[in-house]
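Architecture and fold: a report
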Amino acid sequence: MASPSTPAPSRPQRSPDEVEDIILRKILLVSLTPPSSPNPAVAYLELTAAELLSESRPLLALRDNAERILIDRLSLPDPPANSSPPFAFLAAAFRRAADEARKISTIRDSRLQARLKASIAHIRGLILSYARIVAGNPDTFPSPPNAPHPAAELLIFLLAEAADSLDPTPAPGAPPPPGFLDEILGNVDYEAIEPVMGELYERLRQRVDKVSALGDFQRPLRVLRRLVGIPNCAKALVEHPKWIPKNQIMLIGEGRVMELSSLLGAFFHVSAIPDREFASQPDVGQQCFSEASSRRPADLMSSFATIKSVMNNLQDGLRDILLVLLKNLDTRDKVLEYLAEVINKNVGRSRMQVDPLKCASSGMFVNLSAVMLRLCEPFLDQMESKKDKIDVKYLFCNDRINFKDLTAINASSEEVSSWIESWSHAHAQGDSSGVAPSVESQESTSSGKSSSVSLPSKGGPLARGSKKENFSFICECFFMTARVLNMGLMKAVADFKHLSQDLARYEDDLESNKVLREQSESSPQLEQDIKRLEKIVAVLSQEKYCYEAQIIRDGAFLQRALSFYRLMILWSVDLVGGFKMPLPSQCPKDFSCIPEHFLDDAMDLLALTSRVPKALEGFPLDDFLNFNIMFMASSSYIKNPYLKAKMVEVLNCWMPQRSGLKSTASLFEGHQLCLDYLVKNLLKLYVDIEFTGSHTQFFDKFNIRHNIAELLEYLWDVPSHRNAWRQIAKEEEKGVYLNFLNFLINDSIYLLDESLNKILELKEIEAEMANTIVWNSRPAQEREERLRVFHQSENIVRFDMKLANEDVGMLAFTSEQIPAPLLLPEMVERVGSMLNYFLLQLAGPQRKSLTVKDPEKYEFKPKQLLKQIVTIYVHIARGDKEAIYPAAISKDGRSYNEQLFASAGNILWKIGVDPQIIQEFTQLAGKAKAAASEALDAEAILGDIPDEFLDPIQYTLMEDPVILPSSRVTIDRPVIVRHLLSDSTDPFNRSHLTQDMLLPDTDLKLRIQGFVRSQQSRKRPAADSKMGEPDGAADMVE
């Protein structure tokens, strides 16, 4: 028996091999000897032990047999119960290896510590290598039933690592061992990582498939951003079969396939804008904007802010991803190729009607628009110095995007092709002569690399083997962005406009049905219609708010787009020599061949942002102003009249009283180009817009002229512009100004006539509704139809009357200071007839039939109109130095009546018009009466006039006969000139005719003068007798 004082036996010292064995077995959870106590997590490698014994090797897990032990552990046909699948096991082993590495740091024996560090590093390398193998080839080792795919487990690690406390849902699993992801994905050959990345990217795409702006897309986005930062992972992304998918889906077009199947397509599809064909969840409209009309404004603003925030996070993330890929020389061209494919396969989005099964969604293209604008930001901030990098030849000589099928600004497709051929031929001659063609200097881009594209072979497509032209990234990015914006942002803006119009129309129909229900007994059909309309209004209202949230409420987005189009304007103007007027007489081919939508989109965006509060605050508009003034009236540069009309619409929005911006006043008053050319070009466009070439041109011109008229009225009150106006009227009295007055009069007559007729229709329906017994006895459908007609007529009257007021108002204020053109022979009778007709409507016997319940509702202001009409009479009379105006008034056989003037005078006194105006008007009436009497005397003196002396249209005695060169018809000059003001054709055979083509018929004129003298001398005694009688003017004054 041992003595109590005997010391306890010391623990046997383990050899280095034994220490290494313990550590490796802990890491791999294996045993080479039968376990003394069962441990379900530890696998006994009986066969491995037998092999070691057969080789006379110790049963120790050492570095030299570590790979065999790892393979045997992974290859167990019956792994321990509850054991992890191979990939999860290897990830856990990586964690245990890290734990063991920390523990050995306390070992004092430096040699042993170094040996163990090397062994652990070796086993870590084996773990990572086999983890990549397992991830890329899941069937390499046995797995438990229903085990997840290794790529799914790797993705869970990535998602857990990318988790953020603000994410809408918790992380899908535990985070990976520290350093595991960096080790498994980085510092490895591409061939080793490519298999696992293929499956990983597809699963990442599925994570965001059909996810809306309110869904969990931000974690997958952060994962993608992390992966593209690893060169081999970035390469695996662009080499993936679904980077640009080649698969086909039945009934689905290539453009939509790019969105549904491509790896980035799912991320770009995340949006607040609804996609009716492939809806995303959660439903943004339902969650944020249901019953919006009854919600507090603060709630709506909160929803707008949330959507704006998450969409900016998405777009910033996608920008970062593309930027990383563009900076990588191995992936840059693949990114440009992807963007080009998205554009080329979605050309259908440029059309009026988009097939949603053939083309990608608006949500995708709005996101792509936002991302492309972010990529443009570096050179948008320095546009003055960078615009020279944008080469117009890219439009026709690149091998990525086809621009040649787009409508050119002022060239036919044949002219574009001819220009390309001539340019290509000149380029080829330069090569053959040994003179290198001028090629733009390479811009140092984010990637340091530029695109090379082939020049087109003569008469054929791009010749891949021919001389290549280099274009900088700035150039490629600029033109790609222009196409994306056309199909994305600007298409969405047009959709938003149409959606708003549809919503307003359905709301009007709903209100009409509710009014009908209140006015009469309800019917099942009416109740059904009301419910149907309420449902439609609710859906459209939600969609409208979604568009507004992602586009209209994102001021930074709109400002980036404005900056881009400012660069577009500056670049375009450089093609014609800069901001200088007048423009070169011949439009440069470079300018005429650029796609029309480049400028059309710029105008549409300006029109939109001009109506969005604060969207233009602080943004420089000078270049846009000068551009619009330069081109709005130049048909030799811009052939589309509707594009020129949009330029006026934009300027109209910038009038200080409409824009709400003080800065816009200085726009119109502080630019020399504006002072010299704005009024002149507006007047010219007013004339040119008469013929647009569209089947709707007759009605379109009124909308366009409405904008012009409002702008001209504002400019008249600016002294410098009024002076310019007077100068133009003087210089162009027989030119554009006379044409302007002619169309102004034409429009005034038509609009007022149409308005007054519609007022009579309204009164008729009002009378029908007032008879409630008869009205309620009508079928509901008939009542509903009559109500629709009533509301349509109301809208027509309101619009036409507003325009008529504008036109008459313009005649009133211009005639005061510029009466001379209204007194020209070809114009004076026309003006007199117009004023007489208006006077007849407003002061004649039928004026009481035009009374309506609420005239202001229809912009019908009869007192104001009458006052303006009389003012015009007086202004013209004041400028009538040759006393020809009274006779012109009295010659009007349709409306002139001396009693009409007396009746108008009485009304003027009642409504309180300036007595001086009334007095002058009454004096003019007396002179007109005298002139009418003189005309009767003159007619009596002339007697029967030979037919050859009569004008063939008016049947009046010609005073200045001219021969029409084509039809050879003789006609009075004022009559044909008046016709040519509206229509530049021969009225007898429709051939082209202008004033300078008229041939004076001198012989006939002398014969007419002789006839007049002969008749006057023969009947002078009778004429003198009649001329001595009182003219009755005093009676009119009374």
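**Looking at the overall build of the protein chain**
The helix and strand tally for the protein chain stands at 44 helices and seven strands. For a compact globule of 1038 residues, the expected C-alpha radius of gyration is about 31 Å, and the protein chain comes in at 42 Å, more than 25% above that figure. In terms of overall dimensions, the protein chain has C-alpha extents of about 175 × 90 × 50 Å along its principal axes. When the 1038 residues of the protein chain are sorted by exposure, 52% land in the buried category. A sequence separation of at least 24 residues applies to 75% of the contacts in the protein chain between residues at least 6 apart.

**Digging into helix H3 (residues 66–74)**
Three or more residues of H3 are buried, namely Ala-66, Ile-69, Leu-70, Arg-73 and Leu-74. Viewed end-on, H3 has its buried residues packed into an arc of 130°, placing them on one side of the element. Among the structural elements, helix H1 (16–28), strand S1 (30–31), strand S2 (43–44), helix H2 (46–54), helix H4 (86–103) and helix H5 (110–136) are those in contact with the buried residues of H3.

**What to know about the confidence of the model for the protein chain**
A residue-level look at the protein chain finds 92% of positions with pLDDT of 70 or above and a mean pLDDT of 87. Confidence drops under pLDDT 50 across residues 433–466; counting only partners more than four residues distant or on other chains, this segment forms 88 contacts. Note that pLDDT drops below 50 for residues 1026–1038; the model gives that stretch 16 contacts with residues more than four away or on any other chain.

**Some details on a negative patch on the surface**
Negative charge collects at one region of the surface, where Asp-189, Glu-191, Glu-194 and Glu-239 lie side by side. With respect to the secondary-structure elements, Glu-239 resides in the loop between helix H10 (231–238) and helix H11 (254–261).

**As for the packing of aromatic side chains**
Aromatic rings considered in pairs are described by the distance between their centres and by the relative angle of their planes. For the structure shown, the criterion picks out 42 aromatic pairs. Grouping aromatic residues by their ring pairs yields a cluster made of Tyr-394, Phe-403, Phe-471, Phe-478, Phe-479, Phe-564, Tyr-565, Trp-571 and Phe-598. Lys-235 extends its terminal NZ or CZ atom over the ring of Tyr-190, reaching a point 4.5 Å from the ring centre.

**Comments concerning the packing of helix H36 (residues 825–843) against helix H37 (residues 862–878)**
Where H36 contacts H37, the axes come no closer than 10 Å and their chain directions differ by 150°. By the angle class used here, H36 and H37 are roughly antiparallel. As H36 packs across H37, the resulting crossing turns out to be left-handed. Each of Val-831, Gly-832, Leu-835, Asn-836, Phe-838, Leu-839 and Leu-842 in H36 lies in contact with H37, whose residues at this interface are Pro-862, Leu-865, Leu-866, Ile-869, Val-870, Ile-872, Tyr-873 and Ile-876. Grouping the constituent residues of the contact of H36 with H37 by class yields 13 nonpolar, two polar and no charged.

**Some details on helix H23 (residues 555–574)**
Counted at 1.5 Å a residue, the expected span for H23 with its 20 residues is 28 Å, and the 29 Å between its end C-alpha atoms agrees. By the criterion of burial, H23 is predominantly enclosed, with 15 of the 20 residues buried.

**Focus on empty space enclosed by the protein**
This structure, assessed with the given rule, holds six cavities of 30 Å³ or more. Taken as a whole, the largest cavity spans an internal volume of roughly 90 Å³. Taken together, Arg-73, Leu-74, Leu-76, Pro-79, Ser-83, Ser-84, Pro-85, Pro-86, Phe-89, Pro-142 and Pro-144 form the lining of the largest cavity. Only H3 and H4 provide two or more residues apiece to the lining of the largest cavity. Partitioning the lining of the largest cavity into residue classes produces eight nonpolar, two polar and one charged. The calculated volume of the second largest cavity comes to roughly 50 Å³. What lines the second largest cavity is Asp-209, Lys-210, Glu-259, Leu-260, Ala-266, His-269 and Phe-278. Among the secondary structure elements, those contributing two or more residues to the lining of the second largest cavity are H11 and helix H12 (265–269). The class makeup of the residues in the lining of the second largest cavity is three nonpolar, one polar and three charged.

**Quick notes on the environment of Leu-74**
Assignment of secondary structure puts Leu-74 in helix H3. Remark: the alpha-carbon pair of Leu-74 and Arg-319, spanning 245 residues in sequence, is separated by 42 Å.

Thresholds, definitions, all that
Within every chain, residues take consecutive numbers counted from 1 along the sequence as written. Under the rules for a predicted model, residues below a pLDDT of 70 receive no local features and side-chain atom pairs below 80 are neither given nor counted, while totals for whole chains, interfaces and linings still include all residues. Computation of side-chain values covers all heavy atoms of the structure but excludes hydrogens and water. A helix here means a DSSP run of H or I that spans at least four residues, while a strand means a run of E at least two residues long, and both kinds are numbered starting from the N terminus. The globule rule used for comparison is 2.2 Å times the number of residues to the exponent 0.38, while the radius of gyration itself is calculated over C-alpha atoms. Exposure is judged per residue with a 1.4 Å probe applied to protein chains only, and the accessible area is read against the type maximum: over 50% gives exposed, under 20% gives buried, and values in between give partly exposed. The contact criterion used is simple: two residues touch if any of their non-hydrogen atoms lie within 4.5 Å. In this description, one arc is meant: the one made by directions from the helix axis to the C-beta atoms. For every residue, the predictor states its confidence as a pLDDT score lying anywhere from 0 to 100. In this analysis, a patch consists of residues with relative accessible area above 30% that form no salt bridge, clustered at 9 Å for like charges and at 5 Å for the nonpolar side chains Val, Leu, Ile, Met, Phe, Trp and Tyr. Calculation of accessible area relied on Shrake-Rupley with a 1.4 Å probe; when residues are assessed, cover is drawn exclusively from the protein chains displayed. Counted as salt bridges are all cases of a side-chain nitrogen of Lys or Arg within 4 Å of a carboxyl oxygen of Asp or Glu. The convention is simple: Lys and Arg are positive, Asp and Glu are negative, and His and the chain ends are not counted. For the purpose of locating charges, the reference atoms are NZ of Lys, CZ of Arg, CG of Asp and CD of Glu. Only centres within 6.5 Å qualify two rings of Phe, Tyr or Trp (six-membered ring in Trp) as a pair; their planes then separate them into stacked at under 30 degrees, edge-to-face at over 60, and tilted for everything else. Charge over a ring is defined by NZ of Lys or CZ of Arg lying within 6 Å of the ring centre and within 35 degrees of the ring normal. Lines fitted to C-alpha atoms define the axes here, with helix axes fitted over just the stretch in contact, and angles between the N-to-C directions of these axes take values from 0 to 180 degrees. Small angles under 35 degrees read as roughly parallel and large ones over 145 as roughly antiparallel, with 65 to 115 read as roughly perpendicular and the rest as oblique. Take the far helix as your reference; a near helix turned counterclockwise from it by less than a right angle gives a left-handed crossing, and one turned clockwise gives a right-handed crossing. Gly counts as polar in this scheme, as do all residues outside two lists: the nonpolar Ala, Val, Leu, Ile, Met, Phe, Trp, Tyr, Cys and Pro, and the charged Asp, Glu, Lys and Arg. Expected helix span is taken as 1.5 Å per residue step, with the number of steps being one fewer than the number of residues. Using a 1 Å grid laid over the protein atoms alone, points where a 1.4 Å probe fits but cannot get out form a cavity; open sets with protein on both sides within 12 Å along at least 5 of 7 lines form a pocket; any residue with an atom within 4 Å of a point counts as lining. Grid points are joined across faces, edges and corners, and a volume is the space filled by probe spheres set on the points.

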